[in-house]
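Structure assessment
So the chains spell out like this:
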Amino acid sequence: MRREQLMTMKIQSGEIILQNLRFHAFHGVMPQERFVGNDYVLNLRISYPLAAAATSDKVADTLNYADVYAFVAEEMNQPSALVEHVAQRIAQRLKHAFPRITSISLQLLKCNPPMGGDADGAGVAFTFVSEE
């Protein structure tokens with residue numbers, strides 16, 4: 001079948017996904033968390049207009065996930081008492097850097113939470129939407 005005979009589809013929405021990003025950071029309320037640190041896992045789904053990139057095959061037309069990772073890593077390196085605060089900072093930083101983002105779904109888990117029980121992690125999940 002020739003290319004011009006193919007039926008086309010319109011992209012309704014697109015997301016950049018960064019899954020299971022791992023960090024060692026110093027967030028927490030307890031003094032030992034701020035001193036020793038803990039391991040964290042971060043998952044992101046970022047809604048962004050990706051139709052141009054799907055057609056052009058050019059990095060300039062997409063949200064470069066290496067750039068996203070660099071901003072996330074900078075925020076993870078800034079200690080906070082609460083993971084909620086870290087998540088909010090990450091979302092704000094990404095929206096400021098990439099104004100065309102329409103929403104961000106973010107999950108941030110502390111791998112060894114000091115809660116007196118055995119768990120793979122404890123944390124937060126947010127969906128942030130653009131107010132524009």
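Residues numbered from 1 in each chain as written. Predicted model: local features only at pLDDT ≥ 70, side-chain atom pairs only at ≥ 80, totals over all residues. Heavy atoms only, no water.

**Details of the UniProt feature "domain: Dihydroneopterin aldolase/epimerase" (unreviewed entry) in the protein chain**
Just so we agree on the cut-off: UniProt positions are given in the numbering used here, feature names are shortened, and annotations may be inferred rather than shown by experiment. Each helix is a run of H or I in the DSSP string that is no shorter than four residues. Each strand is a run of E no shorter than two, and both are numbered from the N terminus.
Those residues carrying the UniProt feature "domain: Dihydroneopterin aldolase/epimerase" (unreviewed entry) are residues 16-130 in this numbering. Across residues 16-130 one finds 34% helix and 31% strand; the C-alpha atoms that close the span lie 16 Å apart.

**As for the pattern of salt bridges**
What counts here: Within this document, salt bridges are pairs made up of a side-chain nitrogen of Lys or Arg and a carboxyl oxygen of Asp or Glu, the two lying within 4 Å of each other. Only protein chains enter the area calculation, which uses a 1.4 Å probe; residues under 20% of their type maximum are buried, those over 50% are exposed, and those in between are partly exposed.
Applying the stated criterion across every chain, the model contains 5 salt bridges. Note that Glu-15 is salt-bridged to Arg-45, the shortest N-O span being 2.6 Å. Of this pair, Glu-15 sits in strand E1 (residues 15-25) while Arg-45 sits in strand E2 (residues 38-47); the two residues are 30 residues apart in sequence, bridging distant segments of the chain. Given a relative accessible area of 39%, Arg-45 falls into the partly exposed group. With a shortest N-O distance of 2.8 Å, Arg-89 and Glu-75 are connected by a salt bridge. Linking Arg-89 in helix H4 (residues 83-97) with Glu-75 in helix H3 (residues 65-76), this pair joins segments that are 14 residues apart in sequence. For the pair Arg-89 and Glu-75, a shared accessibility class is recorded, and that class is buried. Shared partners join several salt bridges into a network, and the residues in it are Glu-74, Glu-75, Arg-89 and Arg-93.

**A short note on the confidence of the model for the protein chain**
The condition is simple: One number per residue, pLDDT, summarises how confident the predictor is, and it ranges from 0 to 100.
Within the protein chain, residue pLDDT values average 91, and 94% of them lie at 70 or more. Here helix H1 (residues 31-36) stands out as the least confident element of the protein chain, with mean pLDDT 86; H4 is the most confident, with 98.

**Some details on a nonpolar patch on the surface**
The line we're drawing: Patches here: salt-bridge-free residues with over 30% relative accessible area, like charges joined within 9 Å, nonpolar side chains (Val, Leu, Ile, Met, Phe, Trp, Tyr) joined within 5 Å. Where accessible areas are quoted, they stem from the Shrake-Rupley method and a 1.4 Å probe; at the residue level, only the protein chains shown are allowed to cover.
Taken together, the side chains of Val-29, Met-30 and Leu-82 present a nonpolar region at the surface, about 280 Å² in accessible area. Here Met-30 is to be found in the loop between E1 and H1. For Met-30, a relative accessible area of 38% gives the class partly exposed.

**Considerations on H3**
Selection criterion: A helix's residues, less one, multiplied by 1.5 Å, set its expected span. Here the arc refers to the directions that run from the helix axis out to each C-beta atom. Working rule for contacts: check all heavy atoms of both residues, and any pair within 4.5 Å makes them a contact. Polar contacts, as counted here, are pairs of nitrogen or oxygen atoms within 3.5 Å of one another; within protein the pair requires one atom able to donate a hydrogen and one able to accept it, and residues that are adjacent in sequence qualify only if both atoms are side-chain atoms.
The terminal C-alpha atoms of H3 lie 16 Å apart, and with 12 residues this matches the ideal 16 Å at 1.5 Å per residue to within 8%. Among the residues making up H3, those that are buried are Val-68, Val-72, Ala-73, Glu-75 and Met-76. Down the axis of H3, the smallest arc covering the buried residues is 160°, so these residues share one side. At its buried positions, H3 is contacted by E1, E2, H4 and strand E3 (103-110). Between the side-chain oxygen at the start of H3 and the backbone nitrogen of Ala-66 there is a gap of 2.8 Å, and the oxygen is on Asn-64.

**A short note on unusual backbone geometry**
Even without a glycine there, the phi angle at Asn-20 is positive, about 55°. We classify Asn-20 as partly exposed; its relative accessible area is 33%. Phi at Asp-57 takes a positive value of approximately 65°, unusual for a residue other than glycine. As for its placement among the helices and strands, Asp-57 is situated in the loop between helix H2 (51-56) and H3. With relative accessibility at 73%, the residue Asp-57 sits in the exposed group.

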